[in-house]
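Structure at a glance
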Amino acid sequence: MTYDVIVVGGGITGLVTSFYLTLRGRRVLLLEKNSRWGGNIKTYSDNSYIFEEGPQTILANTSAIWDLIRRLNAPVCKADPSSRLRFIYKRGRLIPIPLKPWEFFTSPLVGFKAKVKLLKEFFVKPPQKEDESVAEFTLRHFGEEFLKYFVQPFVSGIYAGEARKLSVRYAFPKLYEMERRYGSLLKAFLKEKRVAPKGELISFAGGLSTLVKLLAERIKEKRLQTEVLSLEKSGNLYRVRTNAGNFYGRKVVLTTPAYVTAKILEKIFPPAKGFENITYPRVAVVLLSFPKVGLRGFGFLTAEGLRILGAIFVSSLFSDRCPPAEDCVSVFLCGETQREVCQRGKEEILKIAKEEIKKVFPRIGEFKFEKVTLWEKSIPQYTLGYEKFYKIEEELRKKEPNLVIAGNFLGGSSLAKCIEKGKKLGETL
Ligand SMILES: Cc1cc2nc3c(=O)[nH]c(=O)nc-3n(C[C@H](O)[C@H](O)[C@H](O)COP(=O)(O)OP(=O)(O)OC[C@H]3O[C@@H](n4cnc5c(N)ncnc54)[C@H](O)[C@@H]3O)c2cc1C
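Note that this is a predicted model, so its numbers are computed, not measured.

1. Regarding the overall build of the chain
The helix and strand inventory of the chain stands at 14 helices and 19 strands. Along the first, second and third principal axes, the C-alpha atoms of the chain reach 70 × 55 × 40 Å. Counting only residues that meet the buried cut, the chain has 48% of its 429 residues in that class. For the chain, the proportion of contacts with a sequence separation of at least 24, taken over those separated by at least 6, is 70%.

2. Re helix H9 (residues 209–217)
Along H9, the positions that sit buried rather than exposed are Ser209, Thr210, Leu211, Val212, Leu215 and Ala216. Buried-residue contacts for H9 involve helix H1 (12–23), strand E3 (43–45), helix H2 (63–72), strand E9 (200–204) and strand E10 (222–223).

3. What to know about unusual backbone geometry
Of note, the phi angle at Asn73 is positive, near 55°, even though the residue is not glycine. With respect to the helices, strands and loops of the structure, Asn73 is situated in the loop between H2 and strand E6 (76–78). By C-beta crowding, Asn73 is classed as exposed, having 8 other C-beta atoms within 10 Å. For Gln225, which is not a glycine, the phi torsion comes out positive at approximately 50°. Inspection of the secondary structure assignment puts Gln225 in the loop between E10 and strand E11 (228–234).

4. Some words on the pairing of strand E7 (residues 86–90)
Along E7, 5 of the 5 residues are buried, which leaves the element largely enclosed by surrounding structure. Alternating residues of E7 divide into Arg86, Ile88 and Lys90 and Phe87 and Tyr89, and every residue in both groups is buried. Relative to strand E15 (residues 299–302), E7 runs parallel, the two being bridged by 4 bridges. Its bridge partner being in E15, Tyr89 is matched across the sheet by Thr302.

5. As for the domain arrangement of the chain
Per the domain assignment, the segments making up the chain are domain 1 (2–75 + 206–277 + 381–428), domain 2 (100–195) and domain 3 (281–375). In terms of residue class, the side of domain 1 that touches domain 2 is made up of 3 nonpolar, 3 polar and 1 charged.

6. Side note on the sheet that holds strand E17 (residues 326–334)
What the 7 strands build is an open sheet, ordered E8-E7-E15-E16-E17-E14-E18; its pairing is mixed. With one partner strand each, in any of the chains shown, strand E8 (93–96) and strand E18 (369–375) form the two edges of the open sheet. Here the strands of the sheet are splayed against their neighbours by 25° on average, with no regard to which way each runs. Both strand E16 (residues 310–312) and E17 contribute to a ladder of 3 bridges, which runs antiparallel. Bridge pairing in E17 links Ala311 to Val331.

7. Overview of the site of the ligand
Close to the ligand lie 37 residues; Gly9, Gly11, Gly39, Asn40 and Pro55 are nearest. Of all the secondary-structure elements, those providing two or more residues to the shell around the ligand are H1, strand E14 (283–291) and helix H14 (415–428). When the residues that make up the shell around the ligand are grouped by side-chain class, the tally is 16 nonpolar, 18 polar and 3 charged.

8. A word on the packing of H1 against H14
Relative orientation of the contacting elements H1 and H14 amounts to 30°, with a least axis distance of 7 Å. The orientation of H1 with respect to H14, classified from their angle, is roughly parallel. Considering how the two elements wind past one another, H1 and H14 form a crossing that is right-handed. Contacts between H1 and H14 involve Ile12, Thr13, Val16, Thr17, Phe19, Tyr20 and Leu21 on the former and, on the latter, Leu415, Cys418, Ile419, Lys421, Gly422, Lys423, Leu425, Gly426 and Glu427.

9. A short note on the sheet that holds strand E5 (residues 58–60)
Pairing within the open sheet is antiparallel, and its 3 strands lie in the order E5-E9-E6. Each having just a single partner strand, E5 and E6 make up the two edges of the open sheet. Taking each pair of neighbouring strands and ignoring which way they run, the sheet shows an average axis angle of 50°. Two elements, E5 and E9, share 3 bridges in a ladder whose sense is antiparallel. Bridge assignment links Ala60 to a residue of E9, and that residue is Glu200.

10. Details of the packing of helix H7 (residues 173–182) against helix H8 (residues 185–192)
Between H7 and H8, whose axes approach to 8 Å, the crossing angle comes to 95°. When the interaxial angle is binned, H7 and H8 end up roughly perpendicular. Touching Leu175, Met178, Glu179, Arg181 and Tyr182 of H7 are Leu185, Lys187 and Ala188, all from H8. Residues that form the contact of H7 with H8 fall into these classes: 5 nonpolar, no polar and 3 charged.

11. Description of the environment of Gln128
Within the secondary structure, Gln128 is located in the loop between helix H3 (112–120) and helix H4 (134–141). Judged by local crowding, Gln128 falls into the exposed class, with 8 C-beta atoms found within 10 Å. Each C-alpha atom of the pair Gln128 and Thr279 lies 26 Å from the other, and the pair is 151 residues apart in sequence.

12. Quick word on the nonpolar core
Core analysis: the biggest nonpolar cluster contains 129 residues, and Ile6, Ile88, Val134, Val286, Val331, Leu333 and Ala353 have the highest contact counts within it. Beyond its immediate sequence surroundings of up to four residues, Ile88 is in contact with Ile95, Ile97, Leu109, Tyr149, Phe150, Pro153, Phe300, Leu301 and Ala303.

Calculation notes
Residues numbered from 1 in each chain as written. Predicted model: local features only at pLDDT ≥ 70, side-chain atom pairs only at ≥ 80, totals over all residues. Helix = DSSP H or I, 4+ residues; strand = E, 2+ residues; numbered from the N terminus. Buried ≥ 20, exposed ≤ 12 C-beta atoms within 10 Å, placed from the backbone. Contact = placed C-beta atoms within 7 Å. Pairing = 2+ DSSP bridges. Domains from an automatic or database assignment. Nonpolar A, V, L, I, M, F, W, Y, C, P; charged D, E, K, R; others polar. Axes fitted to C-alpha atoms, helices over the stretch in contact; angles between N-to-C directions. Near = placed C-beta within 6 Å. Parallel < 35°, antiparallel > 145°, perpendicular 65-115°, else oblique. Left-handed = near helix turned anticlockwise from the far one by under 90°. Core = buried A, V, L, I, M, F, W, Y, C linked by C-beta atoms within 7 Å.

Okay, here's the thing in structure tokens:
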């Protein structure tokens, strides 16, 4: 049997791509290695708790997300408006992150010298090189303190990464573009009257897996526990070799991680081996609940003094996630900056998460719920020199126009970006 399109990988990108292809009446086959759909999206739920073990929320900042929600009639939950409130943990306390650019001048987040440097940002010198690290970019614009107390915590929160290693152009393309357009970022922020990105934070009744379930239901031909091993040419078709036999398609979309994509393409396109150099740090997510203390806000990121990257105040965002008498949080550990934590076992990771949360909220009582999830390879790191990976993809596109790489290691890794990419592919392939 021949398919119009074979989609490899049943995470959000593969599901959305297959869904929109199906809407257009294309004959699609979706192949997934694991015994469940969703990839990184993994919701734990029982009678009392709904907890995200991977991504926590979607920043609904594109029309693609709302189009998907409307078509699936998905039960959206918008995060509580207090989620605008975010904190940085610095010197033993939680400091609110300024929401408006001018609030930095009165914030205890950075000292007097950094505030003076902030004013000078209006006259920042242009970059000396095309590909700057996030750290170099920040130092040039705002100085050391901003890097330590603001930018690095954010880089940990978004990528579990290190500002020194990530490329501003590829990891934060909006900032890169803003500088190209306005020169000064402060000018750009003042023009937009905000520092935080636009869009609403959302999830679904029952958690993000509800979206996964609704998508999977709408895709007719799909197989779990089917691991794609390699890809070969067979006339004008692609032969997709799997542990469950061969499948034939006119077009193939790969939504697998970089290191898997490299393997699958080994024979048909050897330069793809380069994708093996894309790094994915380990991340642990610890889910905890405890008697209610009245958490408010989105959560906090650590600047110094804790062995965790930060925590999200789940019960403050969505009221249906744990019993009313409890608060619950998702704690993030390890990443590039705290690698040593993940070298320990799950028990030790849990112990660290509990100890550090107790440091932040000394008055919390006994923990009621605890669960540790370890992501051996979490989020692709858009590091310096990332252009070479786009070049490999470009070369492949020229050689094999019917073979598409759509993994989250190219073009952005947020759920919003994955959905946007999947929709575009599904509507155009
Ligand atoms: C801990 C964590 C927290 C995150 N938090 C957020 C957040 O709060 N907000 C946000 O926007 N983003 C977040 N992200 C990023 C986001 O979750 C991911 O970028 C996104 O889910 C990737 O989706 P995907 O479909 O592209 O890839 P994946 O979810 O990785 O899916 C790829 C699929 O391919 C399958 N596969 C692998 N090999 C094969 C093979 N050989 N054959 C067949 N199938 C195969 C895998 O099993 C998997 O199901 C987070 C990521 C992690 C890990």
